[in-house]
Structures are given as structure tokens and as C-alpha cells.
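# Architecture and fold: a report
Here's the letter readout for the chains.
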Amino acid sequence: MRPAVDAGRDLTGSLQFERGRASITLSGEVDAFTISRFGGLLDAAIALKPAQVTVDFDAVTYLGTCAVPVIEGGAERLARSGGRVVLLRVPRSAHRLLQAAGLNETIEVERADSQSALLRRLAVSSIPRARQVLDGALELVVTMAQAVVAGADGVSITLPRHGQLATVAASNDVVLDMDHDQYQTGQGPCLDAALKGTRFHIDVVDEESRWPDFIPRARARGIASILSTPLLAGGRPLGALNIYSRNRGAFAAHEMQWADQFAVQAATVVHVASDEGSPTLEGDLADALASRHTIAVAQGVLIALHGGTPETAYAALTGVSRRTGRPLRCICDDLVQSRATRAVQAGPRA
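Thresholds, definitions, all that
- For every chain, the first residue of its written sequence is number 1, and the numbers climb from 1 along that sequence.
- Two thresholds apply to this predicted model, a pLDDT of at least 70 for residue-level local features and 80 or more for giving and counting side-chain atom pairs, whereas whole-chain, interface and lining totals are computed over all residues.
- Water and hydrogen atoms play no part in the side-chain values, which are based on all heavy atoms of the structure.
- Nonpolar cores were defined as sets of buried Ala, Val, Leu, Ile, Met, Phe, Trp, Tyr and Cys residues, with membership established by side-chain atoms within 4.5 Å.
- Burial status follows relative accessibility: with a 1.4 Å probe on protein chains alone, a residue under 20% of its type maximum counts as buried, one over 50% as exposed, and anything between as partly exposed.
- Each helix corresponds to a stretch of at least 4 residues labelled H or I by DSSP, and each strand to a stretch of at least 2 residues labelled E; elements are numbered beginning at the N terminus.
- Throughout, a residue-residue contact means that at least one pair of heavy atoms, one from each residue, lies within 4.5 Å.
- In this scheme, a helix's expected span is set at 1.5 Å multiplied by one less than its residue total.
- Summarising the geometry, the arc corresponds to the directions from the helix axis toward the C-beta atoms.
- Think of it this way: a Phe, Tyr or Trp ring, Trp meaning its six-membered ring, pairs with another when their centres are within 6.5 Å, and the plane angle makes it stacked under 30 degrees, edge-to-face over 60, tilted otherwise.

## Structural notes on the nonpolar core
Grouped together as the largest cluster of nonpolar side chains are 42 residues, with contacts concentrated most on Leu-138, Ile-157, Leu-231, Leu-241, Ile-243, Phe-262 and Leu-317. In terms of residues, this core owes the most to one element, helix H8 (residues 253-273), which gives nine residues. Those residues within four positions of Leu-317 in sequence are excluded, and the remaining contacts are Ile-295, Ala-298, Gln-299, Leu-302, Leu-328, Ile-331, Cys-332 and Leu-335. Counting 26 residues, the second largest nonpolar core, distinct from the first, contains Ile-46, Val-60, Cys-66 and Leu-78.

Laid out in C-alpha cells, this is it:
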């Protein structure tokens, strides 16, 4: 037996290895702050090359959508050596997220068959479930904003959590660190946008005199431009959408307009989620995840036809969307369908 323990912000985990099988037990919250610790435990388990890695979520009070790509990547790596990942006692809403992400064939999910375990979960299921759906939708906003806003090297969303501002969705660790620097110093455009309801723009970090405790940290992390846009509902600030760039003067008027649009989307999601009677948000998230899958397939079609990278393919698709005014998913649906139709008409190759 080879035990190991990892403790992080609101997350603890243990890893044990015995008779060719590894088991991970988690307790607490798996979110944007703690996902790297969960990923580290999963990587450590996979490195042992077991026949099976079991992850038990029974004591997890919140499982963010950010866990989906970590689980998917780990399962794919383990499958190459003939192993598999088994998830135990996953929240019901996470089952839907895994299904929407197309992970059914990669991962075997075992449901809890213990009535007492289910009853223990009932006490904490309602609020984390709603929050999981909310954060999943906000992570999609972050992903789309980084892809569309020219010059964006990272995007995050700040919202109140547990009586203080916190990052609920982020595109990378640098962005998390940038936000955390502002929470630590009590200064920065992210905080001011979230609290005052006004856009704050740092065109050139090196020339900025506001927030004297925060700016040196931003400079040390290589960030040259920052755009923080408030999330507003009825004129009241709910949080902030933060976009970071390593380029000076990265955000012109057009980029600010895009930031405004994504901030409106995020604010709408937060406002709807705050209405406990709303039955549609989880379905909307599943639809959004399905849309992301369609977009990924369309990117693959373009790469197969013309070469390039996922980034250049996405830029081409969004360019068509902007020029024609048609929704991005409709354009991707048409591309994927036309490709499939041509393949059927061509018939099997000799």
C-alpha cells in the first residue's frame, strides 16, 4: 500500500495503491482553485500504471465543470495502457455533464447503491448542484470570450462567494494568480469593477499609477493590459469579467464591445441562477456543452480540409459568424452536415 495525502483550498484527498489498483478519495470542493490538486492526484495515480483508478466523490460537496476535461484526459491516458477510470458516487448533475461532454464510452460511472450514502448527500446536494450548473455556464462564457476577444491571453469571472469575492471560472493558472493577487492586496481593476459597477481598463500596466500594491505583481507575471467589465443586473453590480493580455494596448473599442457582450451573458446567467424557481438553467448548460461539441467537430473538419490549428479554425468560424450575423452553432452545424452528406454520397472507398 502506498498512501499519499494532498490538502488544498477546501479540498483534501488521499491516494492509495494496492494489488494493481489505485483509489482516490476526495473531500470538499473541486473548483477552479482546487482543480490542479485533484489533477495532481489523478496524475500520480495514473503514473503507477494501475489496471483501474477509482475516484470516490462521496464527500465532495461541489464538483465543478472544470473537472470534466481533467477526468477525460486522465481516462484517455490510462486507456492507452489498458486501464480504466471508475467514478463513484458522482452527483446526479455531474452525470449529465459527463454525458453532454461525450465521456460515456471513456469512463465507467458507478452509482452509489447505499441508501445511507444517498441520504447523507441530500443535505448538501441542492446548493452545490445549483452552483455547479452556474459555474459550468460561466466557464463556457470564459472559454468563448478568450476565443473571440483579440489579444486575450486569459479570462476570468469574479463573483461573491462565502462573503468575499472569488474567481469562479478561469481559463488558466496565470489568470487565477492575477485575480488572487487582487484579493490579497485588496486592490485592482477586478475588485473595483465588481464592487463599483464600472469598467476599468489598464491600457499599459507599466504606465499605471492606480492600485500601487497590485500593479508590480501584474508586471511580474508578464501581464501588460487588463480589461475588467462589471456584471450588472438592474444597474446593480454582481461581479466582473476580467480579460488579461501580455501585449500593451491590447484592448481597443471593438474588444471592449465584445467584453460588454460577454459580461451581459455572464450577468444574465448569474441573475437567472439566483432565481431558485428557474427550471431551465441545467438544460441550457447541457445545450451549451452540446454546442461546444459541434463547434469542436467543425474545427476538425476545417483542419482536415485546409490544415492549420484549432485556434485558426475557430477564428475562421467566428469570422463567418460576424460577417453573416448567423449564430456560430448554426454555421458549425451546416459545415458538419454538409461534410457528412458528401461522405455518404461518395460512398465507401475501394
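## Here's the deal with helix H2 (residues 67-80)
Helix length check: H2, at 14 residues, gives a terminal C-alpha distance of 20 Å against a target of 20 Å (1.5 Å per residue), a fit within 8%. Taken together, the buried positions of H2 are Ala-67, Val-68, Ile-71, Gly-74, Ala-75 and Leu-78. One side of H2 carries all its buried residues, which in axial view fall inside an arc of 140°. The positive-phi residue at the C-terminal boundary of H2 is Gly-82, with phi of around 85°.

## Examining the packing of aromatic side chains
Per the stated rule, a full pass over the model turns up three aromatic pairs. A ring pair is formed by Phe-38 and Phe-57, whose centres lie 6.1 Å apart and whose planes are at 70°; its orientation type is edge-to-face. With Phe-38 in helix H1 (residues 35-47) and Phe-57 in strand S4 (residues 52-63), this pair connects stretches of sequence that are 19 residues apart. By the burial criterion, Phe-38 is buried, and Phe-57 matches it.

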